[in-house]
Structures are given as structure tokens and as C-alpha cells.
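Summary of the model geometry
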Amino acid sequence: MFAYYLQLGLRSLRKNPMLTALMVMAIGFGVAASMTTYSVYRATSRDPIPQKSHVLYNTQVDAFGPENIENGEPPPSLSYIDATAIYRAHKAARQSIIYPVNVSVIPDDPSRLPMREGAYANGADMFDMFDVPFIQGRGWTRDDDEKHASVVVISRELNDKVFNGGQSVGKQINLDGRLFQIVGVIDNWAPQPVFFDVPNTGGFDDGAAVFMPFTRAIDLQLPTNGNNNCVKEPEQGWDGYLHSECIWLSLWSEMSSQSEVDAYRNYLNGYAAEQQRAGRWNWAPNVKVRNVVDWLDVQKVVPKESSISLIVSLGFLAICLVNTVGLLLAKFMRRAPEIGVRRALGASRATIYAQFLIEAGSVGVAGGLLGLILTGLGTLGTKLVFPERIAHLATLDPTLIALTLLTAIGASVIAAFYPTWRAAQVQPAWQLKSN
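A brief report on the enclosed structure follows. It should be emphasised that the depicted structure is a prediction, and the values quoted were computed from it without experimental measurement.

**Some remarks on the overall build of the chain**
Each helix and strand in the chain was counted, giving 17 helices and 11 strands. Since a compact globule built from 435 residues should have a radius of gyration of about 22 Å, the 31 Å found for the chain marks it as more spread out than a globular shape. The dimensions of the chain, computed from C-alpha atoms along their principal axes, are 100 × 60 × 35 Å. Burial analysis of the chain (435 residues in total) assigns 51% to the buried set. Of the roughly 20,500 Å² of accessible surface on the chain, 56% is carried by carbon and sulfur atoms.

Structure representation (C-alpha cells):
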């Protein structure tokens, strides 16, 4: 019967091409608007590392004091004093201090110009903590951290530029006039949002090309390429900066159980209380330990424009559905005589429901196909509304294609319930008498 009702529905749609076109356009435009904005919202609000987001924790310690923070929220970064002290305490299974730097890659070929590349200074544990994918070699070791070794991990893209994509592990690369040994090459890795560096990226950025040991970067006095906030002016020189209250470092820890997290939090409270007793701070301990999802939520990584656009587009879809209800109602009620004859010949109301809902579903399929085309164009045009670093995350992937079609069909069927109910109420006797 489904095939028969579908055939009847398609025949009916062909009889009123203008009305059919209006319904398809209403569904198509409404679904496309909502799916385009949803693609941006989905990209900005997703869990960037779902397999480990529950065991990775960011550390915050209030080194600014209640008069310099808002709503009691500690600063998002740590000072060198606090980050290194907490790291050296080894209270978590894995830990890494991270900060962004800029380096110039100087090719061996003198005819090629140096390349300015984004980089991170981090600890050896970071690669295993964040499941960084390697295509050659591996990350450096904790022993390399202790020895302040001149080793680096580079990205696939940089390996392609400098070594033409060949084997580069064991080779040397010139960074700012200093030679580093390459120990690993990672695949293109840029989790979005960039959960481990939200204070400096706002949550969205291209991946880095170089990773070097934090201890080596400190030796080389490489300044942060991100935010640097100070409650008071640091003393002159690199050493004065390191021992200042300026915040510029992130500290991430991996802990697999709640008891470990509780113990770590207790340690941080004890550490902050010790700083208070030592006279460094004159406020009560204020520390936060948050996993990836909670950290992104507190930092409000999802742009307001994304949420507002999604709400507006859903409102537009609702308006389109209301219009579709009106069009379907007009279309179905024009067929009252046909319905009356079918009911007089024994067709049940359930049969009328099935026929007209299938017909509405066929409108949804056509609207979904139109919506797919418009959603594809919409994702290409998101850069007109959102920053480039966010707009390029909106893509028309298989999941969005399926969701677009299902939304169009579902919306059409929902919109058809009231017109179908009215059609099913047609009285056969009255229709036969009037005709």
C-alpha cells in the first residue's frame, strides 16, 4: 500500500506544480537555514577529545587576588612560579606545562626564505595525554625534558615544506639560528576547539608546526606568543619575568579517578594556603580543577553569534512550517470530493491519514534535496557572518546530509498532521450530496 499511496501522492503533487513548488521551497529554505547555523554550532560546541576529555584537567590558581578577578573565577593561566612548582610536585600521573611561541624555520637551501611558524613549548607527557597522532618517530622523553634537550616534533605540513615529505626523524632543523634534532613527525593535528590553549586562541586556531621542550624554550628565553597578564610590572630581564606574578602558562594534568582529582585539588589548596602563610598572597586559597568539557563551558568557547543564529534559524524554520501547514491545508481540502468518494467506498480514516502523510513525506524529500543544495551553499558562505577560523569548521559531511534529509521529511510530516486531520473529518454523505 505504501507504494500505491506514494504514487497517488506524486500524481497529486504534479497536478498543482505551483503549490507544490511553494511547499518545497518553504521546507527547503527553512531546513537549509537551520542546518547551516547548526553546522557552525556543532563545530564550536563539540568535545574536541571525547575519548579522554573526562581524564584531562586544567589547573587554575588565583595569583591575582579577589579585587583583580571577576565572579571569583581564578585567572585562566598560571605564573611561571606556580606552574613549575605544581609540576615539580608530580601529583598527577601525567602533566604538561604549555605555552605558545613563534619560531623561524630556516631552510638549508640558502635560496629559500625563512618561514615563520606557530609553535608550542610543552612537556614530554603532552603527546600521550592528548593522543597526538605520529606518522614518524615519537615524542621526546621526560629525560629529554630534564636534560633541556634540543629536540623537536614537527608537523606533517612542515615536514612536507622542508623535507619534501620524506623521512626526517634524526635530521636537524634550524629554528631561529639554532639546530634541533627531529624526534617525531605528527599528522595534521588541530583539535577544535583548541582546548589546551583557550586563553590564547579563544578556542579556535590552526595547528602548530613545531613542538619543543618547555625547559629548552625557557633556556632560550622564548617569550610567549599569547596573552601575558601582570598585576604589577615585572622586574627587568628574563629572570625577573620568570619570578613575577605575570600569568602566561597553562598546566594540564591527566587523572583517571575522582579520588586522584580530589587529592590533587587538596594539594592545590594546600599550596595556595602555603603561599598565603608565606606572605606572597593575602587572600584565601582559590583554585579550580576542571575537565575539558567544564573548562570549555566556563571559558564560553561557543561564540554567542553561533547560539543566537541557531535560535533565529529555528524560528525561521517554524515560520516556514506554519506556511507549509496553510499550503497543505488548502491543497488537501480542495480534494474534499475525492476524499468523500473514497470514504463512501469504505476507506477508513486511518487510510486517509496514511495517504496524505505519505504525500507530505514526498514533499519533505523534495524539500530536503533542495535544503541540501542550499545548506552546501550556506556552509560556503558562513565566512560572511563568522570569523574565518570558525567558518571553515562548518562542513557538509555525511552526518549533516542525513540530518538535513530527516529534518525535512520529519518537519513535512509534522506540518501535515493538522491538514490531514481536517481531511479525515470530511463527511462522505455531505460531499456526495453537494456534488
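There is more to say, and it comes next.
**What about the side chain of T324?**
Mapped onto the elements, T324 comes out in helix 12 (residues 304-333). When residues no more than four places from it in sequence are discounted, the contact partners of T324 are M23, A26, I27 and A415.

**Quick notes on a nonpolar patch on the surface**
Nonpolar side chains collect at one region of the surface, where M25, F29 and F316 lie side by side and expose about 280 Å² of accessible area between them. Residue placement: F29 occurs in helix 2 (residues 17-45).

**Quick notes on the state of the cysteines**
Between two cysteines, a covalent bond joining their sulfur atoms is known as a disulfide. All told, the structure shown has 1 disulfide when counted by the stated rule. Paired through a disulfide, C230 and C246 show a sulfur-sulfur distance of 2.0 Å. Handedness here is read from the sign of the S-S torsion; for C230 and C246, about 110 degrees, the answer is right-handed. One end of the pair, C230, is in the loop between helix 8 (214-219) and helix 9 (237-242); the other, C246, is in the loop between helix 9 and strand 10 (247-254), with 16 residues separating them in the sequence. We classify C246 as buried; its relative accessible area is 0%.

**Section: the pattern of salt bridges**
Scanning the model with the defined rule gives 17 salt bridges in all. Notably, a salt bridge pairs K161 with E117, separated by 3.2 Å at the nearest N-O pair. You can see K161 sitting in helix 6 (residues 156-163) and its partner E117 sitting in strand 4 (residues 115-122), a full 44 residues away along the chain. On the basis of relative accessible area, K161 is assigned to the partly exposed category, the value being 32%. Residue classification places E117 among the buried positions, given a relative accessible area of 11%. Residue D262 is joined to R265 by a salt bridge in which the shortest nitrogen-to-oxygen separation is 3.4 Å. Here D262 and its partner R265 are both found in helix 10 (residues 258-277), 3 residues apart, which amounts to about one turn of the helix.

**Here we look at the layout of surface pockets**
One number sums up the size of the largest pocket: a volume of about 450 Å³. Around the largest pocket, the lining comprises 28 residues; the ones closest to its centre are G118, D206, G207, A208 and A209. If you list the elements that add at least two residues to the lining of the largest pocket, you get strand 3 (94-106), strand 4, helix 6 and helix 7 (198-201). With 4 residues, strand 4 is the single largest residue contributor to the lining of the largest pocket. Its residues placed into classes, the lining of the largest pocket shows 10 nonpolar, 11 polar and 7 charged.

**Topic: the environment of F2**
Relative to the assigned elements, F2 resides in helix 1 (residues 2-15). Residue classification places F2 among the exposed positions, given a relative accessible area of 55%. Remark: the alpha-carbon pair of F2 and A354, spanning 352 residues in sequence, is separated by 8.3 Å.

Each value, and the rule that gives it
- Residues numbered from 1 in each chain as written.
- Predicted model: local features only at pLDDT ≥ 70, side-chain atom pairs only at ≥ 80, totals over all residues.
- Heavy atoms only, no water.
- Helix = DSSP H or I, 4+ residues; strand = E, 2+ residues; numbered from the N terminus.
- Rg over C-alpha atoms; globule rule 2.2 N^0.38 Å.
- Buried < 20%, exposed > 50% of the residue type's maximum accessible area, 1.4 Å probe, protein only.
- Areas by Shrake-Rupley, 256 points an atom, 1.4 Å probe, with all protein chains shown as cover.
- Contact = heavy atoms within 4.5 Å.
- Patch = residues over 30% accessible without salt bridge, like charges linked within 9 Å, V, L, I, M, F, W, Y side chains within 5 Å.
- Salt bridge = Lys/Arg side-chain N within 4 Å of Asp/Glu carboxyl O.
- Disulfide = S-S within 2.5 Å.
- 1 Å grid on protein atoms, 1.4 Å probe; cavity = no way out; pocket = protein on both sides within 12 Å on 5 of 7 lines; lining within 4 Å.
- Points joined across faces, edges and corners; volume = space filled by probe spheres on them.
- Nonpolar A, V, L, I, M, F, W, Y, C, P; charged D, E, K, R; others polar.

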